[in-house]
Amino acid sequence: MSLEVSALRALAHPLRLQILSLLTGTALSAAEVARELGTTQANASYHLRVLAEAGEVVTAGEEKIRGGVAKRYRHPWSSAAQTPQRSGAAGPAEQSAFMRALAAELLRRNGLRHASPEGYLSDAEMWVTPAAWSEVSALVRQASELIHSSASPPRTPGTIHVNLVAVLFRMTDDPASSEPAADGMS
């Protein structure tokens with residue numbers, strides 16, 4: 001299995017998407033991830049191992065805790081610019097599983113939506129010029145890089161909890177290729 005397929009499979013779980021978001025702003029141990037996300041340390045450790053094996057998180061040091069050693073992990077988001085869901089290198093089954101996990105995670109986040117009028121929702125399936133597509137792609141990438149580079153540890157004074165989901169891709173003109181992907185993944 002290629003690293004790109006392995007990475008996309010690793011991302012195809014809502015809890016792992018939460019972990020990546022959490023580890024963008026700070027390095028944490030499995031116990032800290034578990035406390036923050038309300039899961040068990042064993043569950044957090046398992047998902048961190050899956051993400052580490054796929055190259056989605058890296059070890060960011062170790063600390064001694066009660067006579068043991070705990071690894072701290074972080075998400076190297078800046079190197080994630082070539083992830084499979086963006087490059088299209090993974091197959092339809094892996095992409096479909098990732099999109100399902102992303103949809104589930106978006107539903108969870110929507111449940112945490114603040115009542116303020118701030119925010120923006122846009123949906124678009126349309127035909128545009130290549131120049132417009134190129135400009136939109138660059139702006140969305142810029143927005144994603146800005147929000148990732150501004151990430152802080154959870155509940156840092158002076159910060160607010162926000163959501164950004166961006167999914168851009170060029171579509172095919174072949175209606176026969178738009179059938180849902182078969183998914184034999186677990």
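Residues numbered from 1 in each chain as written. Predicted model: local features only at pLDDT ≥ 70, side-chain atom pairs only at ≥ 80, totals over all residues. Heavy atoms only, no water.

**Describing the side chain of Thr24**
Here is step 1 of the chain: By the secondary structure assignment, Thr24 is in helix H2 (residues 14-25).
Here is step 2 of the chain: Within the structure, the side chain of Thr24 is placed 2.8 Å from the backbone oxygen of Leu20, a separation counted as a polar contact.
Here is step 3 of the chain: Ignoring anything within four residues of it in the chain, the contact list for Thr24 reads His75, Trp77, His148 and Ala151. (Helix = DSSP H or I, 4+ residues; strand = E, 2+ residues; numbered from the N terminus. Polar contact = N/O pair within 3.5 Å; in protein donor to acceptor, adjacent residues only side chain to side chain. Contact = heavy atoms within 4.5 Å.)

**What about the pattern of salt bridges?**
Here is step 1 of the chain: Counting across every chain of the model gives six salt bridges.
Here is step 2 of the chain: Arg9 is the partner of Glu94 in a salt bridge, and the nearest nitrogen-oxygen pair spans 3.1 Å. In this pair, Glu94 is assigned in helix H6 (residues 92-110) and Arg9 in helix H1 (residues 3-11), connecting sequence segments 85 residues apart.
Here is step 3 of the chain: The exposure class of Arg9 is partly exposed, given its relative accessible area of 34%. (Salt bridge = Lys/Arg side-chain N within 4 Å of Asp/Glu carboxyl O. Buried < 20%, exposed > 50% of the residue type's maximum accessible area, 1.4 Å probe, protein only.)

**Thoughts on the pairing of strand E2 (residues 58-65)**
Here is step 1 of the chain: Pairing of E2 with strand E3 (residues 68-74) involves six bridges; the strand directions are antiparallel. Note on E3: the bridge partner recorded for Ile65 is Gly68.
Here is step 2 of the chain: Where E2 hands over to E3, the hairpin turn is made up of two residues, of which Arg66 adopts a positive phi near 45°. (Pairing = 2+ DSSP bridges.)

**Notes on helix H3 (residues 30-37)**
Here is step 1 of the chain: Every buried residue of H3 is accounted for by Ala30, Ala31, Val33 and Ala34. Seen end-on, H3 carries its buried residues on one side only, within an arc spanning 160°.
Here is step 2 of the chain: The elements touched by buried residues of H3 are H2, strand E1 (28-29), helix H4 (41-53) and E3.
Here is step 3 of the chain: Looking one or two residues past H3, Gly38 carries a phi angle of roughly 70°, positive in sign. (Arc of directions from axis to C-beta.)

**Examining H2**
Here is step 1 of the chain: Most of H2 is tucked away: 10 of the 12 residues are buried.
Here is step 2 of the chain: Listed in full, the buried residues belonging to H2 are Leu15, Arg16, Leu17, Gln18, Ile19, Leu20, Leu22, Leu23, Thr24 and Gly25.

**As for the side chain of His75**
Here is step 1 of the chain: Mapped onto the elements of the fold, His75 is located in the loop between E3 and helix H5 (84-87).
Here is step 2 of the chain: Overall, the relative accessible area of 9% leaves His75 in the buried class.
Here is step 3 of the chain: A distance of 2.8 Å separates a polar atom in the side chain of His75 from the backbone oxygen of Glu56.

**Looking at the packing of H2 against H3**
Here is step 1 of the chain: It is the contact of H2 with H3, at a shortest axis distance of 11 Å, that shows an interaxial angle of 110°. Comparing their axes, H3 and H2 come out roughly perpendicular. As H2 runs across H3, the sense of the crossing is right-handed. Residue-level contacts link Leu15, Gln18, Ile19, Leu22 and Leu23 of H2 to Val33, Glu36 and Leu37 of H3.
Here is step 2 of the chain: For the contact of H2 with H3, the class distribution of residues is six nonpolar, one polar and one charged. (Axes fitted to C-alpha atoms, helices over the stretch in contact; angles between N-to-C directions. Parallel < 35°, antiparallel > 145°, perpendicular 65-115°, else oblique. Left-handed = near helix turned anticlockwise from the far one by under 90°. Nonpolar A, V, L, I, M, F, W, Y, C, P; charged D, E, K, R; others polar.)

**Thoughts on the pairing of E3**
Here is step 1 of the chain: As defined by bridge partners, E1 adjoins E3 across two bridges and the pair is classed as antiparallel. Bridge pairing links Leu28 to Tyr73 in E3.

**A closer look at the nonpolar core**
Here is step 1 of the chain: Within the largest apolar cluster, 25 residues are counted, with the highest numbers of intra-cluster contacts made by Ile19, Leu23, Val33, Leu48 and Leu51.
Here is step 2 of the chain: Sorting the residues of this core by element identifies H1, H2, H3, H4 and H6 as the ones contributing at least two each.
Here is step 3 of the chain: If one sorts the elements of this core by residue count, H2 sits on top with six residues.
Here is step 4 of the chain: Sequence-distant contacts of Leu51, that is, excluding residues within four places in its chain, are made with Ala10, Leu11, Arg16, Ile19, Leu20, Glu56 and Val57. (Core = buried A, V, L, I, M, F, W, Y, C linked by side-chain atoms within 4.5 Å.)

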